[in-house]
Each structure stands twice: as C-alpha cells, then as structure tokens.
Amino acid sequence: MDAKWHKLQQIDTEYSADSVEWCPHHPMENIVACGTYQLAKDDQGANLRLGRVLFYQLQDNQQLIELTRIDTPAILDMKWQQNIPVIALADAAGCISLYSIGNDKGSFSLNRVNNHCIDASALALSLDWSSLCNADRIVVSDSTGKLNIFQASSTLIMDRCWLAHDYEAWITAFDRWNENIIYSGGDDCKLKGWDLRTDFSSATFTSKRHSMGVCSIHCNPYRDHIMATGSYDENVLIWDNRHMTKPLSRIEVGGGVWRLKWSPNIPNILLAACMHNGFSIINVKNDNDPTMIVSYMEHDSLAYGCDWKVIKETSDPDQRLKHNQIIATCSFYDHCLQLWYWISTTDINI
C-alpha cells in the first residue's frame, strides 16, 4: 500500500453509530452529522429502535466539537441535498425527515422542515437526492423491497412507489449524470436499474454479479458512466453503466461493503466501509485493476458509516493533493465516531 493515515480524534456516540455525512456547502463544510441506531426495550419488554443524530463542527485544531443533537427513531441513512444545506434522514419508523441548518454569524441552527411516514411497519433503509435539475427529488428504499419517489417542496409529496426487490431493498441511488435513472440493490442479490420515464413494470437491467445482498451503490462525481457497487459478498465491483452485463473489475475487501463513497476532492479514489474488516481506500485509476491503498483498522466493531470532508474549491487542481484528506468513519457496537486523514506517498494520478 502506498499511503499513510493518522487518527485525529475518537468520540463516543453513546448509541450505536451507523451513518456519517459531511455537509458539502460553503461555509458549512466543517459540519458533520452522525446518525445512530440503538435497540432497547420499553417497560413492557417490547423492542424499541431508538436513534439520535449528532452534529459536530471541525475546529482549526482539527478536533470536532458537538453543536447539537436530536432524538429520532433509529437512523439507517442520511444524505445532504446538493444545492442547499438540508439533510434528509431515513429511519426505522419507516419515515423520512428533512432538517435545514443555518450558521448565521457563528450561531448554528437546526430546524425540521418536513416529515413523511412511508410505512410504519417497514424500515426506511436508504435514500438519495437527485443532484441535477430536479434536486428536490428523493428516492427512498425500504425493508419491504419497495422504492419510493418523493418531491420535496413545501411538503414531502410521494410521487411514485413500486416493488423493486423480493426482499429488503438495502440501497438506492440516483445516477449522478442522469436524473431519470435510479439504481437499487437488494437482499435478493440483485442490482437493478430503473428509468423514471417508464411505468416500472420491469427494470432497465438486472444483474446478479454479486453473490449476496447488494448494500452499496455510488456514482463517480468526476467520470460519467463509472459507478461502484458493494455487497455482503465482500466485493466491490466497478461498472461502466452503459454495459451492465459485466463489471469492468472487482476487488475483494475482506468484509461486507455497507457504504461506498467516491472522493469529492480527488478523481478515482473510493472509500469503502467493510463491516468486519474496517475501512479501505481504493485507487480506481485503472478501471480494470483497482488497488487498495489504505486499510484503516482502528475501529473495534462493524464499520458502517464513512464520508470525505469536501475541500474548498481551488483554481489549481494539484492543490487537492497538498491537503490532508479528512475522513469521518463510524462503527456500530462500540458506538464510535473517528476523525482521521490520509495522504498519499506516491503519485495517485488525478
């Protein structure tokens, strides 16, 4: 491996941590949210799924301080809207909630602006925002195998809903480059594509290249047509979405791949949360031969949440390599959030 890492901070999140997302918006790119999921019982012995979202701010000394926290049902996924500082939460009560944040003259504010319950008997498992013209469109996957499309305006309006998978639809994502295309992955081992201009009577493609449940999908923000998928089968597959019959390559990472995040700062660099095998950074400079360049094993439990801090825009693209790439990761049973950075010791060819 040709890169090194350095741990900056470790935080006890109290509840089990499973999701982490850096705010992409200036001047709030120093704010990171961590979602949690805690099993408990009420006075009658019935199971409860409790959650909490903690908001932190990165200080000049490279340490996080907590700004605020909100109690919620157990959190399964979170995503920031790409145009405005609004975060969407998917929870175990089968609901999605939208919160707006503000940072007026250094004073942080958080307000719930929308909430919609999809199915109280199901879990909302993942969500994604469209990043193009219809940036207020959200897709949500749930534990019954359905995909749900929402329009987020003054209220959350369900546009369409359909059965996409035979079992849990663990993950869904918009195509980064085509807002009419959605991808989904399920516990039926299938990766599927969907066109919003159709009636959803059939998927645009169905792939069973993964041998176990598909639980992560992410499109490359720099390269049209390139996407990555991950599965409980412990493999990351790299795809050209114009040719979905066969992946360009695969790399085994030693654990189920719960989340994948392409770097927003450096093309071709992919971060993976590998459940029983920590977190990995993968160089996909060569689509046909991805290589693991970092293995971060500082967590003591299931590696679930991970995200890159966005580096401010610069006119010199080479400057992106001169900054430490700050990463937040979280793990489940040890209820742990960690802040760390990595810097390559060789040319990673941006």
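The structure displayed is predicted, hence computed values, not measured ones.

## Points about the pairing of strand 15 (residues 171-174)
Okay, step 1: Burial of strand 15 is two-sided: the residues Ile-171 and Ala-173 facing one way and the residues Thr-172 and Phe-174 facing the other way are all buried.
Okay, step 2: Bridge count between strand 15 and strand 16 (residues 181-185): four bridges; the pairing is antiparallel. Considered in strand 16, the bridge of Ala-173 is made with Tyr-183.
Okay, step 3: Hairpin connection from strand 15 to strand 16: six residues lie between these consecutive antiparallel strands.

## With respect to the sheet that holds strand 17 (residues 191-195)
Okay, step 1: What the four strands build is an open sheet, ordered 15-16-17-18; its pairing is antiparallel. Because the sheet does not close on itself, it has two edges, and the strands there are strand 15 and strand 18 (205-207). Ignoring which end each strand starts from, the neighbouring axes of this sheet average 15 degrees apart.
Okay, step 2: Bridge analysis of strand 17 against strand 18 gives three bridges, and the strand direction is antiparallel. For Leu-191, the partnering residue across the bridge sits in strand 18 and is Ser-207.

## With respect to the layout of surface pockets
Okay, step 1: In this model, the largest pocket occupies a volume close to 840 Å³.
Okay, step 2: Contributing to the lining of the largest pocket are 39 residues, with Pro-24, Gln-82, Arg-176, His-218 and Pro-264 lying nearest its centre.
Okay, step 3: Of all the secondary structure elements, the ones that give two or more residues to the lining of the largest pocket are strand 2 (17-22), strand 7 (75-80), strand 11 (124-129), strand 15, strand 19 (214-219), strand 23 (259-262) and strand 27 (303-308).
Okay, step 4: By residue class, the composition of the lining of the largest pocket is 18 nonpolar, ten polar and eleven charged.
Okay, step 5: Reported here for the second largest pocket is a volume of approximately 300 Å³.

## Details of the packing of aromatic side chains
Okay, step 1: Taken as a whole and judged by the stated rule, the model has 14 aromatic pairs.
Okay, step 2: Pairing Trp-162 with Trp-194 gives two aromatic rings, centres 5.6 Å apart and planes at 65 degrees, and the pair type is edge-to-face. Within this pair, whereas Trp-162 is found in strand 14 (residues 156-163), its partner Trp-194 is found in strand 17, the two being separated by 32 residues in sequence. Side by side, Trp-162 and Trp-194 carry an identical accessibility label, which is buried.
Okay, step 3: Taken together, Tyr-37, Trp-170, Tyr-232, Trp-258, Tyr-304, Phe-332 and Tyr-333 form an aromatic cluster joined through their ring pairs.
Okay, step 4: Over the ring of Tyr-15 we find Arg-52, and its NZ or CZ is 4.2 Å from the ring centre.

## Points about unusual backbone geometry
Okay, step 1: Put simply, His-26 and Pro-27 share a cis peptide bond, and its omega is 5 degrees.
Okay, step 2: Relative to the helices and strands, Pro-27 is located in the loop between strand 2 and strand 3 (31-36).
Okay, step 3: Positive phi, close to 70 degrees, is recorded for Cys-189, a residue that is not glycine.
Okay, step 4: As for its position among the elements, Cys-189 is in the loop between strand 16 and strand 17.
Okay, step 5: Even without being glycine, His-335 reaches a positive phi, approximately 35 degrees.

What counts and what doesn't
- Residues numbered from 1 in each chain as written.
- Predicted model: local features only at pLDDT ≥ 70, side-chain atom pairs only at ≥ 80, totals over all residues.
- Heavy atoms only, no water.
- Buried < 20%, exposed > 50% of the residue type's maximum accessible area, 1.4 Å probe, protein only.
- Helix = DSSP H or I, 4+ residues; strand = E, 2+ residues; numbered from the N terminus.
- Pairing = 2+ DSSP bridges.
- Axes fitted to C-alpha atoms, helices over the stretch in contact; angles between N-to-C directions.
- 1 Å grid on protein atoms, 1.4 Å probe; cavity = no way out; pocket = protein on both sides within 12 Å on 5 of 7 lines; lining within 4 Å.
- Points joined across faces, edges and corners; volume = space filled by probe spheres on them.
- Nonpolar A, V, L, I, M, F, W, Y, C, P; charged D, E, K, R; others polar.
- Phe/Tyr/Trp six-rings, centres within 6.5 Å; stacked < 30°, edge-to-face > 60°.
- Lys NZ or Arg CZ within 6 Å of the ring centre and 35° of its normal.

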